[in-house]
Amino acid sequence: MDNRRSVINFKGIIIPSDWDDQGNVTSILIAACDEKEYHVTAPDVIDRLKPFLRKEITVSGTLERIKGKTHIHISNVEKTT
C-alpha cells in the first residue's frame, strides 16, 4: 500500500467528481494549474468547499497517495481574486 505524505500549496479549480442519486455532490477534485488532480472525499471538507465549486482557489494541505490516487487533506483554502 502506497501512502506517502507531503505538504503542498497550489492554485486550482474545484470541480465535482461524483454525485448521489439525488444529484448532490459526494466527492470533488481540485484540478491544479499543472493539470494534476487532487481528490477530496471527507464529507465535512466537501461541504466546506461546495461554495467554491468551479472557482479558482489557493489551497494548502497534506498530500497522500492511496491506491494510486492523490488525496489532499486541506488545511487552508482561499478564493483567488
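Just above sits the structure.
In short, a report on the structure.

Criteria and cut-off values
- Residues numbered from 1 in each chain as written.
- Predicted model: local features only at pLDDT ≥ 70, side-chain atom pairs only at ≥ 80, totals over all residues.
- Heavy atoms only, no water.
- Phe/Tyr/Trp six-rings, centres within 6.5 Å; stacked < 30°, edge-to-face > 60°.
- Helix = DSSP H or I, 4+ residues; strand = E, 2+ residues; numbered from the N terminus.
- Buried < 20%, exposed > 50% of the residue type's maximum accessible area, 1.4 Å probe, protein only.
- Core = buried A, V, L, I, M, F, W, Y, C linked by side-chain atoms within 4.5 Å.
- Contact = heavy atoms within 4.5 Å.
- Salt bridge = Lys/Arg side-chain N within 4 Å of Asp/Glu carboxyl O.

## Quick notes on the packing of aromatic side chains
Point 1. Under the criterion given, the structure shown has one aromatic pair.
Point 2. Consider the rings of Phe10 and Tyr38, whose centres lie 4.6 Å apart with planes at 35 degrees: the pair is tilted. Separated by 28 residues along the polypeptide, Phe10 in strand β1 (residues 5-19) and Tyr38 in strand β3 (residues 37-40) bring together distant segments of the chain. Comparing Phe10 with Tyr38 shows no difference in burial state: the two are buried.

## With respect to the nonpolar core
Point 1. One finds Ile28, Ile30, Val40, Leu49, Val59, Ile72 and Ile74 to be the most contacted residues of the largest nonpolar core, which totals 18 residues.
Point 2. Sorting elements by how many residues they give to this core places strand β2 (residues 25-32) first, with four residues.
Point 3. Apart from residues lying up to four places away in sequence, Ile30 is in contact with Phe10, Gly12, Ile13, Ile14, Lys36, Glu37, Tyr38, Val40, Ile57, Val59, Ile72 and Ile74.

## Concerning the side chain of Ser27
Point 1. Inspection of the secondary structure puts Ser27 in strand β2.
Point 2. A residue is classified by how much of its surface remains accessible, and Ser27, at 13% relative accessible area, is buried.

## A look at the pattern of salt bridges
Opposite charge on two side chains lets them pair, provided their charged atoms get close.
Point 1. In this structure the tally under the stated criterion is one salt bridge.
Point 2. Of the charged contacts, one joins Asp47 and Lys50 as a salt bridge, the two residues approaching to 3.5 Å between their closest N and O atoms.
Point 3. By relative accessible area, which is 32% here, Lys50 ends up partly exposed.

## So, unusual backbone geometry
Point 1. The backbone phi angle of Arg54 is positive, close to 65 degrees, even though this residue is not glycine.
Point 2. The residue Arg54 is located in the loop between α1 (43-49) and β4 (56-66) in this model.
Point 3. Notably, Lys67 is not glycine yet its phi reads approximately 50 degrees, a positive angle.
Point 4. Here Lys67 lies in the loop between β4 and β5 (69-79).
Point 5. Classification of Lys67 by relative accessible area gives exposed; the value is 74%.

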